[in-house]
Amino acid sequence: MGTRTPPPKKPAAAAPAKAEAKKAAAPITPPLSENLALKPASNYMSRNPAYATPSSTVRMAMQMMLNHKVSGLPVLDNNLVCIGVYSEVDAMLQASHQHIDSKIKFTRPAKTVSLNTSLRDVLIFLVQNKLKRVPVIDASKRLAGIITRRDVMQVFFDDYQK
């Protein structure tokens with residue numbers, strides 16, 4: 001009675017697993033036509049959006065969001081420079097802990113894109129930063145508009161309808 005030798009082990013398939021991981025981490029590239037994907041944010045943004053100021057109260061900001069049917073507001077200083085963003089989540093959390101007539105506590109600095117940022121780059125920026133909206137600023141950092149995920153989705157929808 002001899003000892004039995006176990007069959008040789010197969011080497012682990014590490015290379016395909018690494019390749020799959022690299023594919024999963026690949027940058028987002030929207031399947032838009034190049035012409036459309038390279039157009040600037042200024043072509044798709046909403047102009048003259050509702051906004052708050054550092055002296056706005058929670059009540060004022062909530063009313064503004066409800067009236068304009070938006071989920072967040074850029075916060076502008078006296079020179080119309082975008083210094084932050086106040087969201088409906090910020091408003092609800094603040095209202096649950098403070099008086100509704102308290103001044104807003106907003107996220108700063110604002111994450112923004114410029115007027116000439118391409119639609120593709122706006123989409124990547126929104127997704128990577130997990131944002132619903134992004135203020136669009138001019139060269140002086142003044143608010144020029146706002147672009148939302150819905151705006152980008154509308155561009156996709158319209159492009160595929162053609």
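Residues numbered from 1 in each chain as written. Predicted model: local features only at pLDDT ≥ 70, side-chain atom pairs only at ≥ 80, totals over all residues. Heavy atoms only, no water.

A.B. asks: Please provide a residue-by-residue account of the overall build of the chain, values included.
C.D. replies: Across its full length, the chain holds six helices and six strands. Reading the chain from its N end, one meets helices and strands in the order α-α-β-α-β-β-α-β-α-β-β-α. Across the 162 residues of the chain, 36% fall into the buried class. Nonlocal contacts in the chain, meaning residues at least 24 apart in sequence, comprise 57% of its contacts between residues at least 6 apart. Carbon and sulfur atoms form 57% of the exposed surface of the chain, whose accessible area is close to 11,100 Å². (Helix = DSSP H or I, 4+ residues; strand = E, 2+ residues; numbered from the N terminus. Buried < 20%, exposed > 50% of the residue type's maximum accessible area, 1.4 Å probe, protein only. Contact = heavy atoms within 4.5 Å. Areas by Shrake-Rupley, 256 points an atom, 1.4 Å probe, with all protein chains shown as cover.)

A.B. asks: A description of the side chain of Asp-90 should follow, citing residues and the corresponding values.
C.D. replies: Position of Asp-90 among the secondary structure elements: in helix α4 (residues 88–97). For the buried Asp-90, which has no salt bridge, the nearest side chain bearing the opposite charge is Arg-133, at an N-O separation of 7.2 Å. Of the polar contacts made by the side chain of Asp-90, one reaches the backbone nitrogen of Ser-87; its length is 2.9 Å. Excluding its chain neighbours within four sequence positions, the residues that come into contact with Asp-90 are Val-85, Lys-105 and Thr-107. (Lys, Arg positive; Asp, Glu negative; His and termini not counted. Salt bridge = Lys/Arg side-chain N within 4 Å of Asp/Glu carboxyl O. Polar contact = N/O pair within 3.5 Å; in protein donor to acceptor, adjacent residues only side chain to side chain.)

A.B. asks: Explain the environment of Ser-46 to me, and be specific about the residues and the numbers.
C.D. replies: Structurally, the position occupied by Ser-46 is in strand β1 (residues 46–47). Separated by 99 residues in sequence, Ser-46 and Gly-145 place their C-alpha atoms 5.3 Å apart. Those residues in contact with Ser-46 that sit more than four places away from it in its chain are Gly-145, Ile-146 and Asp-151.

A.B. asks: Tell me about unusual backbone geometry, and please be specific about residues and values.
C.D. replies: Omega for the bond connecting Arg-108 with Pro-109 falls within 30 degrees of zero, at -5 degrees, which places this linkage in the cis form. When you line up the elements, Pro-109 lands in the loop between α4 and β4 (113–114). Its identity is not glycine, yet Lys-69 carries a phi of approximately 55 degrees, on the positive side. Within the fold, Lys-69 resides in the loop between α3 (58–68) and β2 (72–76). Positioned with a positive phi, Lys-141 is a non-glycine residue whose angle comes to about 70 degrees. Residue placement: Lys-141 occurs in the loop between β5 (133–137) and β6 (143–148).

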